[in-house]
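# Structural features, examined
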Amino acid sequence: WCSTLKTVTFADSSVLETIGDSAFYSSALIAITIPSTVKKIESSAFYKCGSLATVIFPSNSVLETISFGAFAGTALTAITVPSTVKLIDEYAFYSCSKLATVAFSSNSVLETIGRGAFNIATALTAITIPSKVKLIESGTFYKCSSLTTVTFSIDSVLETIGESAFHYAGLTAITVPSTVK
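Residues numbered from 1 in each chain as written. Predicted model: local features only at pLDDT ≥ 70, side-chain atom pairs only at ≥ 80, totals over all residues. Heavy atoms only, no water.

## Let's talk about the overall build of the protein
When helices and strands are counted, the protein shows zero helices and 13 strands. For the protein, the N- to C-terminal ordering of α and β elements is β-β-β-β-β-β-β-β-β-β-β-β-β. Relative to a compact globule of 181 residues, whose C-alpha radius of gyration would be 16 Å, the protein shows 16 Å and is just as compact. The principal-axis extents of the C-alpha atoms in the protein amount to approximately 45 × 30 × 20 Å. In the protein, which comprises 181 residues, the proportion classed as buried is 41%. Pairs at least 24 apart in sequence give 41% of the contacts found in the protein among residues at least 6 apart. (Helix = DSSP H or I, 4+ residues; strand = E, 2+ residues; numbered from the N terminus. Rg over C-alpha atoms; globule rule 2.2 N^0.38 Å. Buried < 20%, exposed > 50% of the residue type's maximum accessible area, 1.4 Å probe, protein only. Contact = heavy atoms within 4.5 Å.)

Here is the structure:
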């Protein structure tokens, strides 16, 4: 509840491994660089940071988990998810209405995109799902009204697309991988 906190700088020698639950909840942050040593961003860490438009992860990031509602309600316009992330949890980017670009590296180890993870990301127009994703949970892209293109890699291992995963999305066509059960 630090409603006037606009800047946070971590020391170059930071050994921080976790950004805890609600750590910057409802602050006035505009941008933040997450230390490369952070393995987990916990629930609601940046929830309701309505001015937070930029989050930078260093190229040597070891981040593994983006937890429940971690960036929900922020002003993010783009996010490049570190290749080391295995889980984008439920509602991680919920109601990020300005989020137009979500990028994953070709060597992403992402396995699960949680329920409602990008729910109401109304500016999102296209997304490429990393090849190691096995599960897209319920409502993941619910009300992503501008989402017209979803691409799966040729070597996709996707097994499950949850209920209402693309409900109210702007899709006109989609090619579902043959691995989906």
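## A word on the packing of aromatic side chains
Considering all chains together, one arrives at eleven aromatic pairs under this definition. For the ring pair Tyr91 and Tyr94, a centre distance of 5.6 Å and an interplane angle of 80° mean the geometry is edge-to-face. On the numbers, 5.2 Å between centres and 0° between planes, the contact of Phe93 with Phe118 is stacked. Placement of Phe93 in the loop between β7 (87-88) and β8 (101-104) and of Phe118 in the loop between β9 (112-113) and β10 (126-129) is noted, with a sequence separation of 25 residues between them. Of the residues examined, Phe93 reaches a relative accessible area of 0% and is grouped as buried. One aromatic cluster is present, formed by Phe24, Phe46, Phe71, Phe93, Phe118, Phe141 and Phe166 through successive ring pairs. (Phe/Tyr/Trp six-rings, centres within 6.5 Å; stacked < 30°, edge-to-face > 60°.)

## A look at the sheet that holds strand β11 (residues 135-136)
Strand order in this open sheet of seven strands is β1-β3-β5-β7-β9-β11-β13, and the pairing throughout is parallel. Looking along the sheet, the strands with just one partner apiece sit at the ends: β1 (18-19) and β13 (160-161). Relative to β11, β9 is paired through two bridges, and the arrangement is parallel. Across the sheet, residue Thr112 finds its bridge partner in β11, namely Leu135. (Pairing = 2+ DSSP bridges.)

## A word on unusual backbone geometry
Of note, the phi angle at Ile120 is positive, near 65°, even though the residue is not glycine. Here Ile120 is to be found in the loop between β9 and β10.

## A word on the side chain of Ser27
Turning to its location among the elements, Ser27 is positioned in the loop between β1 and β2 (31-33). Among the polar contacts made by the side chain of Ser27, one reaches the main-chain carbonyl oxygen of Phe24 at a distance of 3.0 Å. When sequence neighbours within four positions are dropped, the list of residues in contact with Ser27 reads Cys2, Ser3, Leu5, Lys48, Cys49 and Gly50. (Polar contact = N/O pair within 3.5 Å; in protein donor to acceptor, adjacent residues only side chain to side chain.)

## Topic: the pairing of β10
Burial of the side chains of β10 is restricted to one face: Ile127 and Ile129 are buried, whereas none of Ala126 and Thr128 on the reverse face is. Relative to strand β12 (residues 149-152), β10 is paired through four bridges, and the arrangement is parallel. Along β12, the bridge assignment pairs Thr128 with Thr151.

Just distances and angles here, no functional claims.
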